[in-house]
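Fold and contact review
Listed here are the chains, written in short residue letters.
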Amino acid sequence: KMALTTGIAAICQAWNGGGKKLYLVDLPDVTSFTLAGGIYTAVTMASGKVFKEYAFHDDTFDWKEDPNRNTESGSTMIKNTLEMFIQGKSQTLRNAIEEIIGSSTCGVIAILEDNNDTKWVIGYGERNKRALKMSTGAGSIGKKLDDMVGTTITLTNDTVELARTFTGTVPV
């Protein structure tokens, strides 16, 4: 049984929205995360495996974490949604998107760095290892000369615990 043990004081600080970097790796490529004081401090990788880094233009990357409580069963489900806009159309970008789609079959683990310089682990938890999978994608070359050109990819998962912060070095 959980009990309330921590309050929250008002924090007089400006918080910046959005994400600036995303690191993805195939689920089987992570052996474990080291948990200390409720925070992930390191990640152990399978031999020769590393995260791949994805950077985004301003205001084109978002993460939502939405807890929902089932009033009948008392259980809580948390839906994570990562939405990223990959700007441009090229063979290189096509190949990168195709890799995300392919890896989505078994799932990926993400380390997201937000615009407040905090890193979050998504798609891995202590109570379950439900990785992120691609739920939608939409690409466009636009109609007008000033339209956005690129592909929006959405990765989601359902889990039972909120994401944890990561203070270690991301192996890339």
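Residues numbered from 1 in each chain as written. Predicted model: local features only at pLDDT ≥ 70, side-chain atom pairs only at ≥ 80, totals over all residues. Heavy atoms only, no water.

**Some thoughts on unusual backbone geometry**
Spelled out, the test is: Each helix corresponds to a stretch of at least 4 residues labelled H or I by DSSP, and each strand to a stretch of at least 2 residues labelled E; elements are numbered beginning at the N terminus.
Not every positive phi belongs to a glycine, and D59 is a case in point at roughly 65°. Mapping D59 onto the fold places it in the loop between β4 (52–55) and β5 (61–69). We note that D117 has phi near 65°; this positive angle belongs to a residue other than glycine. When you line up the elements, D117 lands in the loop between β7 (108–114) and β8 (119–122).

**Focus: the pattern of salt bridges**
To keep things clear, this is the line we draw: Salt bridge, as used here: a side-chain nitrogen of Lys or Arg that lies within 4 Å of a carboxyl oxygen of Asp or Glu.
The tally for this structure, following the rule as stated, stands at seven salt bridges. Residue D158 is joined to K79 by a salt bridge in which the shortest nitrogen-to-oxygen separation is 3.2 Å. Remark: K79 occurs in strand β6 (residues 76–87) and D158 occurs in strand β10 (residues 150–159); sequence separation between them is 79 residues. Put simply, R94 and E98 hold a salt bridge, and the shortest N to O gap is 3.9 Å. Note that R94 and E98 are positioned in helix α1 (residues 91–103) at a spacing of four residues, about one turn of the helix. Each of K20, E113 and D117 takes part in salt bridges that share partners, so that together they form one network.

Just distances and angles here, no functional claims.
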